[in-house]
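# Structural overview for review
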Amino acid sequence: MSVKVAIQGVRGCFHEEAAYKYFGDNIETVECESFKKTCELLKRGEVDYVAMAIENSIAGGLLPNHSLLRDYRFPIVGEVYLHIKLHLLVTPNTTIQDIKYVESHPIALQQCSDYLEENPQFNIIEGEDTAGSAKKVSELQLKDTAAIANQLSAKLYGLDILERRIETNKKNYTRFLILAKEAAERPHVNKASLSFQTGNGVGSLSNVLQCFAEQNINLSRIQSMPVLGKRNEYDFYVDVEWQNQADYEAAIRHVLKHTNNFNIMGEYVKNDKV
């Protein structure tokens, strides 16, 4: 029986591409209209994993997904990075002169702003997601409409790539987390995602960060979010990396003395290859 992975979006989307990159091709992806729906499926045991975008090198952290991590408390068991490459997809035998409309997700359209400005003859249509726009062009066999999406969408929906790599910033990367219902024993972990709160006094956060530095633990990411309904209080989300497990364990013991609501969200193997 193949592994079931919940993804936000339709087949061919970047979440599916990320799932394939992490697990391989022998998986079953389950389409969901929202990130919350992916978590609900995992909660009910209808899927084995969730692939969830958490940060982008241009747009930054996806704060609503941090809220889902906090609310559902699913363990993070892995990560995967994707190099976001956007192409202009059309039905076979369509030429650039045929195109009157270009459709895609608003963020994808924004990321291709230079290309679209260079082609003012295109009328822009905002779609629900990149792969959904490609699916629409394919299913309706639209000759006057192009979609901006990835190569997986072109392959899946039988579309031609008319223009490649039309994104403005070629160094565009998205990091995805892999969530499971329960954590599994994983030997040789070297990265963890943590969350905690600190007091509001002078040096409160600095004391926590110093604990990591003293144990030679690399802090690779930090994100803050307001605590709901509490003024001047924040949840901090950090990613840490280490080479020596004993150093990591010592750092955690020290950090516990300086934090409230400390939570190890997941320990896993660093996987930042793109």
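In this text the structure is predicted, and so the values were computed from the model without any measurement. (Residues numbered from 1 in each chain as written. Predicted model: local features only at pLDDT ≥ 70, side-chain atom pairs only at ≥ 80, totals over all residues. Heavy atoms only, no water.)

## Some points on the packing of aromatic side chains
Here the structure, examined in full by the defined rule, presents 6 aromatic pairs. Seen from their ring centres, Tyr22 and Phe23 are 4.8 Å apart, and the 75° between their planes marks the pair as edge-to-face. The exposure class assigned to Phe23 is partly exposed, which follows from its relative accessible area of 25%. Plain terms: the ring middles of Phe23 and Tyr49 are 4.9 Å apart, the flat faces sit at 45° to each other, and that makes the pair tilted. Of this pair, Phe23 sits in helix 1 (residues 14-23) while Tyr49 sits in strand 3 (residues 49-56); the two residues are 26 residues apart in sequence, bridging distant segments of the chain. Connected via pairs of aromatic rings, a cluster forms that spans Tyr22, Phe23 and Tyr49. (Phe/Tyr/Trp six-rings, centres within 6.5 Å; stacked < 30°, edge-to-face > 60°. Buried < 20%, exposed > 50% of the residue type's maximum accessible area, 1.4 Å probe, protein only. Helix = DSSP H or I, 4+ residues; strand = E, 2+ residues; numbered from the N terminus.)

## Here we look at the pattern of salt bridges
According to the stated counting rule, one finds 15 salt bridges in the structure shown. Two residues, Glu55 and Arg175, come together in a salt bridge whose shortest N-O distance is 3.2 Å. Taken as a pair, Glu55 in strand 3 and Arg175 in strand 11 (residues 173-180) lie far apart in primary sequence, 120 residues in all. A salt bridge links Arg70 to Asp71; the shortest N-O distance between them is 3.2 Å. Judged by its relative accessible area of 53%, Asp71 is exposed. (Salt bridge = Lys/Arg side-chain N within 4 Å of Asp/Glu carboxyl O.)

## Brief notes about the nonpolar core
As a rule of thumb, soluble globular proteins bury nonpolar side chains together. Membership of the largest hydrophobic core comes to 22 residues, with the highest contact counts inside it found for Met52, Leu69 and Leu179. Sorting the residues of this core by element identifies strand 2 (27-32), helix 2 (35-43), strand 3, helix 3 (63-72), strand 11 and strand 15 (260-268) as the ones contributing at least two each. The element best represented in this core is helix 2, accounting for 4 residues. Residues in contact with Leu179, not counting those within four places in the same chain, are Leu42, Asp48, Tyr49, Val50, Met52, Leu69, Phe74, Pro75 and Ile76. In terms of nonpolar packing, the next biggest core, distinct from the first, is built from 21 residues, Val80, Ile84, Val90 and Ala146 among them. (Core = buried A, V, L, I, M, F, W, Y, C linked by side-chain atoms within 4.5 Å. Contact = heavy atoms within 4.5 Å.)

## Here's the deal with helix 2
Listed as buried for helix 2 are Phe35, Thr38, Cys39, Leu41 and Leu42. Take helix 2 and look down its axis: the buried residues cluster within an arc of 160°, on one side only. Contacts made by the buried residues of helix 2 are with strand 1 (3-8), helix 1, strand 2, strand 3, helix 3 and strand 11. One or two steps after helix 2, the chain reaches Gly45, where phi turns positive at roughly 75°. (Arc of directions from axis to C-beta.)

## Some remarks on unusual backbone geometry
If a residue is not glycine, its phi is most likely negative; likewise, a peptide bond is most likely trans. We note that Arg73 has phi near 55°; this positive angle belongs to a residue other than glycine. Topologically, Arg73 is positioned in the loop between helix 3 and strand 5 (76-83). Of the residues examined, Arg73 reaches a relative accessible area of 55% and is grouped as exposed. Located in the positive-phi region is Asn232, a residue other than glycine, with phi close to 65°. Along the polypeptide, Asn232 turns up in the loop between strand 13 (218-226) and strand 14 (234-241). A relative accessible area of 41% places Asn232 in the partly exposed class.

## Notes on the sheet that holds strand 13
Taken together, the 4 strands give an open sheet; going across it, the order is 13-14-12-15, and neighbouring strands pair in antiparallel fashion. At either margin of the open sheet sits one strand with a lone partner, and together these are strand 13 and strand 15. Strand-to-strand twist in this sheet, taken as the mean axis angle between neighbours without regard to direction, amounts to 15°. By the bridge criterion, 8 bridges tie strand 13 to strand 14 in an arrangement that is antiparallel. Paired with Ile222 across the strands is Val238, a residue of strand 14. Sheet contacts for helix 3: strand 13, strand 14 and strand 15; angle to strand 13, the most-contacted strand, approximately 90°. Sheet strands touched by helix 8 (residues 204-214): strand 12 (191-197), strand 13 and strand 14. Its angle to strand 13, the strand with the most contacts, is close to 155°. (Pairing = 2+ DSSP bridges. Axes fitted to C-alpha atoms, helices over the stretch in contact; angles between N-to-C directions.)

## Notes on the sheet that holds strand 7 (residues 101-104)
With respect to topology, 5 strands assemble into an open sheet ordered 8-7-9-6-10, the strand pairing being mixed. In the strand order of this sheet, the two ends are held by strand 8 (123-126) and strand 10 (160-163), each with one partner. Neighbour-to-neighbour, the strand axes of the sheet open up by a mean angle of 35°, direction not taken into account. On the sheet, helix 6 (residues 130-139) packs against strand 6 (87-90), strand 7 and strand 9 (145-149) and is oriented at approximately 150° with respect to strand 9.

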